[in-house]
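# Chain and residue survey
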Number of protein chains: 2
Amino acid sequence: MDSADEKYDLVTRNLQEVLGGDIIKEILASGKHPKCYWGTAPTGRPHIGYFVPLTKIADFLSAGVEVKILLADVHAFLDNLKAPLELVNHRVKYYEYILRAVFTSLGVPTNKLIFIVGSSYQLTPEYNMDNYRLCATVTEHDAKKAGAEVVKQVASPLLSGLLYPGLQALDEQYLDCDFQFGGVDQRKIFTFAEQYLPRLGYRKRAHLMNEMVPGLTGGKMSSSDPNSKIDFLDEPALVRKKIKGAFCEEGNVEENGVLAFVKAVLIPVSRLRIRNRAEAQTGAESLPTPFVTEDAPEGALFTIKRPEKYGGNTHYSDYDSLHNDFKDNKVHPGDLKSAVADALVSMLEPIQKTFRESADWQAVEQLAYPPPPSVAKPKKKKQVYHPPPPGKGKNAAAAPKDAPAAEPASSAAEGSSPAPPVAPESVSVPQPTVAPPVPEVDAAVPPTIADAVLNALSEAVISNPEEKQ
Amino acid sequence: MDSADEKYDLVTRNLQEVLGGDIIKEILASGKHPKCYWGTAPTGRPHIGYFVPLTKIADFLSAGVEVKILLADVHAFLDNLKAPLELVNHRVKYYEYILRAVFTSLGVPTNKLIFIVGSSYQLTPEYNMDNYRLCATVTEHDAKKAGAEVVKQVASPLLSGLLYPGLQALDEQYLDCDFQFGGVDQRKIFTFAEQYLPRLGYRKRAHLMNEMVPGLTGGKMSSSDPNSKIDFLDEPALVRKKIKGAFCEEGNVEENGVLAFVKAVLIPVSRLRIRNRAEAQTGAESLPTPFVTEDAPEGALFTIKRPEKYGGNTHYSDYDSLHNDFKDNKVHPGDLKSAVADALVSMLEPIQKTFRESADWQAVEQLAYPPPPSVAKPKKKKQVYHPPPPGKGKNAAAAPKDAPAAEPASSAAEGSSPAPPVAPESVSVPQPTVAPPVPEVDAAVPPTIADAVLNALSEAVISNPEEKQ
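Residues numbered from 1 in each chain as written. Chains lettered and ligands numbered in written order. Predicted model: local features only at pLDDT ≥ 70, side-chain atom pairs only at ≥ 80, totals over all residues. Heavy atoms only, no water.

The name recorded for chain A in an unreviewed UniProt entry is Tyrosine--tRNA ligase, from Botryobasidium botryosum. The UniProt entry for chain A carries the following comment under Catalytic activity (unreviewed entry): "tRNA(Tyr) + L-tyrosine + ATP = L-tyrosyl-tRNA(Tyr) + AMP + diphosphate + H(+)". (UniProt positions renumbered as here; feature names shortened; annotations may be inferred.)

### What about the packing of helix H5 (residues 85–106) of chain A against helix H13 (residues 333–357) of chain A?
Residues and elements named next belong to chain A. Two elements in contact, H5 and H13, have axes separated by 9 Å at closest approach and are oriented at 125 degrees. Between H5 and H13, the angle falls in the class oblique. The handedness of the crossing between H5 and H13 is right-handed. Contacts from Ile98, Ala101, Val102, Ser105 and Leu106 of H5 reach H13 at Met347, Pro350 and Ile351. For the contact of H5 with H13, the per-class residue count stands at seven nonpolar, one polar and no charged. (Axes fitted to C-alpha atoms, helices over the stretch in contact; angles between N-to-C directions. Helix = DSSP H or I, 4+ residues; strand = E, 2+ residues; numbered from the N terminus. Parallel < 35°, antiparallel > 145°, perpendicular 65-115°, else oblique. Left-handed = near helix turned anticlockwise from the far one by under 90°. Contact = heavy atoms within 4.5 Å. Nonpolar A, V, L, I, M, F, W, Y, C, P; charged D, E, K, R; others polar.)

### As for the packing of aromatic side chains
The full count for this structure, using the stated rule, is 28 aromatic pairs over all chains. Centroid distance Phe51 of chain A to Phe261 of chain A: 6.3 Å. Interplanar angle 75 degrees. Geometry classified as edge-to-face. Taken together, the positions of Phe51 of chain A in helix H3 (residues 51–62) and Phe261 of chain A in helix H11 (residues 257–279) put the pair 210 residues apart, joining distant regions of the chain. On the accessibility criterion, Phe51 of chain A (0% relative accessible area) is buried. For Phe261 of chain A, a relative accessible area of 2% puts it in the buried group. Pairing Phe355 of chain B with Trp361 of chain B gives two aromatic rings, centres 5.1 Å apart and planes at 90 degrees, and the pair type is edge-to-face. We note that Phe355 of chain B, like Trp361 of chain B, is buried. Each residue in the set Tyr94, Tyr97, Phe355, Trp361 and Tyr369 of chain A is aromatic and connected to the rest through ring pairs, giving one cluster. (Phe/Tyr/Trp six-rings, centres within 6.5 Å; stacked < 30°, edge-to-face > 60°. Buried < 20%, exposed > 50% of the residue type's maximum accessible area, 1.4 Å probe, protein only.)

### With respect to the sheet that holds strand E4 (residues 113–117) of chain A
Residue and element names in this part refer to chain A. Spatially, six strands are ordered E1-E6-E5-E2-E3-E4 in an open sheet, and the strand pairing comes out mixed. The strands lining the two open edges of the sheet, one partner per strand, are strand E1 (17–19) and E4. Averaged over all adjacent pairs, the angle separating strand axes in this sheet is 25 degrees, with direction ignored. Of the pairings in the sheet, the one linking E1 to strand E6 (residues 206–210) comprises three bridges and is antiparallel in character. What sits directly across from Val18, in E6, is Leu208. Packing against the sheet, helix H8 (residues 159–174) makes contact with strand E2 (35–40), strand E3 (66–71), strand E5 (179–183) and E6, and its axis sits at approximately 140 degrees to E2. (Pairing = 2+ DSSP bridges.)

In C-alpha cells:
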C-alpha cells in the first residue's frame, strides 16, 4: 500500500497543472479516498484520443480515487437537437461499454469507478434552483470569460454557451467530487467554479489538468478525412495503415501526435503495467506487459524495434530520452510509428475481444451508430451523346460521384477532455467537457421529441398541475 | 350574453396595443373561453398601483376569459436571496388574499380566476429541459434586446437578466394561455416569445398591452418617501393625506398620476359597475355604484364634486372630457384629488373589511411583512461639553437621529405589470413582470436555505442518486 505522499504523486504525475492540491493531500492524509469527476458528452463515436484522459484516470484509480464519469446525455441531446433521443440513449450505453473495456485493458481496479448519466440529476428542482441562484450572481462578463477557450466562439453566441461554466461548476457539487479533472483548456472554467461555488455555500474543489495533446494521427484535424481518427474497434490492419499515414516529420517534435501519444499514453501505461505486475500477489505473468521487447533492461518503458543494421532495438525508460533522440534524428519516424502501432494494436486487442464476445454491446453499437441512411441515388439523366467539338477529346461529362458518407466526427485535440465530435463545418476549437449545443436554429423540434426526452431520460415523476398541449 | 365581437371589444378596450388579436377572435368565435396569463413576483408589499392591471383583468373576467395569475415565488426568492424563504411563501399567500379581495371589490365573477405558484412547474424536468433547448437557440444578442426595457440595465449585467425573456416565454406554454397580458414595457419580451416559442414546436400566443401609467401619487418615485405609494390597507385618512400630497399641477395633464388613475382605473371600474348592475337579475341595488353623485345623468362615469359657488358638480361620461377640462383649467387639482380620494376610499373599503374579518389573512400579513427588527440604538457617547469658540453660537453636535425604518418598496411605474419593489439604491426603471434577481454577490447562501426552498416550494419528489452534502 502506498503512503499518502506516494498516492498524491501518482494522482498528480504527468499533469500540466494542479489547483488546490492541498485539498487532495488532506483527504489522503486522513486515509480517505478522494473523489474525482470527469465528464464527457456521448455525442459522436469515441476514438482512441480518449486513451489520453483515461490513462490519467487509470492513475487515479490505482491510487484508490473514487472516479465518477459523467455521461452528459442532456447536453449530448442539446448538441444535436435534430437527432432522435434514442440515439443519445444508445450512445450513453456505448460509451459506458467502451470506457469500461478500456479501463479493464489498462489493468486498473475499477471497483471505484462510477458512471453517472447527467439526466439523473441535472433536471431536478434542486439542481435547477441552484442554476438560477448562480445565474443571479454570475455576470455575463465572467461567464463569457470562463468559457472563452472551450465554448465555440461564433459571431452570434448562444445563451447556452454562457450557462455551461456554471453548470459544470454545479456538477462538482452534485457529483460530490473533491476534484475535477480535465484538459488545461478547461482552466478558466475550473477557476470560475472555484470562485463561484463558495458563493452558493458550497465548498471549493481542486482541479487537475492534463496538457493538451495533438491527435495521434497528427497535423490539422479534418473531419472529412476518416483517417484523422482511429476508432477503438478499428481492425489492426486499419490501425497500422492510419498510423502509417499520420503526420510525423523527421526531427519535428513540436507537431507530432505520434510522439505525444507515447508521452501521454504508452509510457504511463507501461509504468502502470510494471507496477501492476510487481504488486500482483499471484498470476503476475498473465498480466499485460509494458511496451518493451524481451531484451529490454529493467525499468525500460518503451522499445523502438529496429533491425540490427539500423542500430537494433532501442529502449527508453522515460519519455524525454525518446523525445531528444527523435529531435536529433536518431529515431526514424517509420520506426516510431511501427512501435506505436504495435503498442496500440496490443491495447485495442482486449477491448475488441470484449466487443466480439458481447452480443449486447454489439447490439448497442448498431443502435447507437446506425449506418447513414442510404441516399437514393439521383436518377441518372439519360445521357445523350453529343460528339465533342473538333479538337476536344475524351468525354468531359463524368458520371455523378456518389457522395462519401458524411463522417460526423473529428478527433479534435485529444486532450484530457475528449472533444465531442464537431460538425464538419465547425473549426477544431477544443470543446468543453460538456459540449455547448450546436443548435439548428431553423429546425423546429416538435414537442413530441421533448416529451420523448423526458420520458426516456428521467425516471422522476413530477406533478405538473398544468397540462402541456 | 355578449356576442363574440362584444367580448372581443371588452377584452381589448383601453389597451395600448394588441398583437395577435385574431387568435383571440377565433377562440371567441368558436364559443370558447380564451385563456390569459398575467404574472407578478411576490417580493414587496402590493400597493394600489396594482389596481391598474387588475382593472383590465376585470374586463377579461367579465368577458369570460380564464385568467391565470402567476405568483412567481422562485423569482421572488432569487430577487431577494438574503430573505428567508418563509417570507416569500407568506407573501405568496398575502398576494393571493389581496388580489382576490380586489377582484371581489371590483364586482367581477372570479370563477374563472386561477392562481398558480411558479414553483409548481418552473422547477420540473420538462420546464428546465425546455429552458436548455431555448438557450441552445437564443443568441445573447436577442435575449439582451428582448430584456432591454424591463431588465435593470447595470454596468455588469447578470446571466439571470438574459434568461428572463425565455422563461417568460416558456410560462406561456406551461400556463397554457392563449394570450399574455402586461404593460407595454413588456413589448420586446412579448415579441421575443412570439418568435421563439414556435421554434420549440409550441404555438405563438397573442399579447395584450396596457399603456404605462405614472404612479397615483405622481411625479418621480422615491422609495424613501412612504407617501409615494398607497397601501391597500391604508386607513382612509392616510389615503386622503397621501393623495392630497400627490403631484398634480393645475393644467398639467402630462405628468399627472391622479388623472392617469382616473383614466386607467376609476372610469373603467365605473363602466364595469354600470354593466354589472344592468346585468344583475336581482339585487342590483346592493351592487357597488359608479363613481358619480346621485344628480349625475345616465351614462355618467365620474363626478367631480364642487360647491355651487365654484360651478357645482361636473359629471363625465368619458375620460377625454375630464382630461380636456383639466387641461383648460376648468377642473382644479384640489377638486380632482377629492373626487379620486373618495372613489379610492370606497374601493378600498370592502378590501379592508375582508381583511378585518379574516384572522387568517391578518396572521399571514404579520408573517409576510414582519416589522423591521428594532435596531439597538448605538450607545450615546457621553457628551463632553466643549464650549464653542468665541463667535460660534449654538451647539453644533446634534444627537444622532434615529434612522427611519427602511421602506423597501417604491411604487415604480404603476403600469399593467406591477413592479416588484426595488432596492432603495436602484433607479425606478420598470421591472419585468417576473423581476430579475437583485443578487447579493457577497452573501453566501448556506445550502440549508437552498434545501429549505426546495422542501418548501416543491412537492415534487425526484430521485437523485447522488447525495448532496
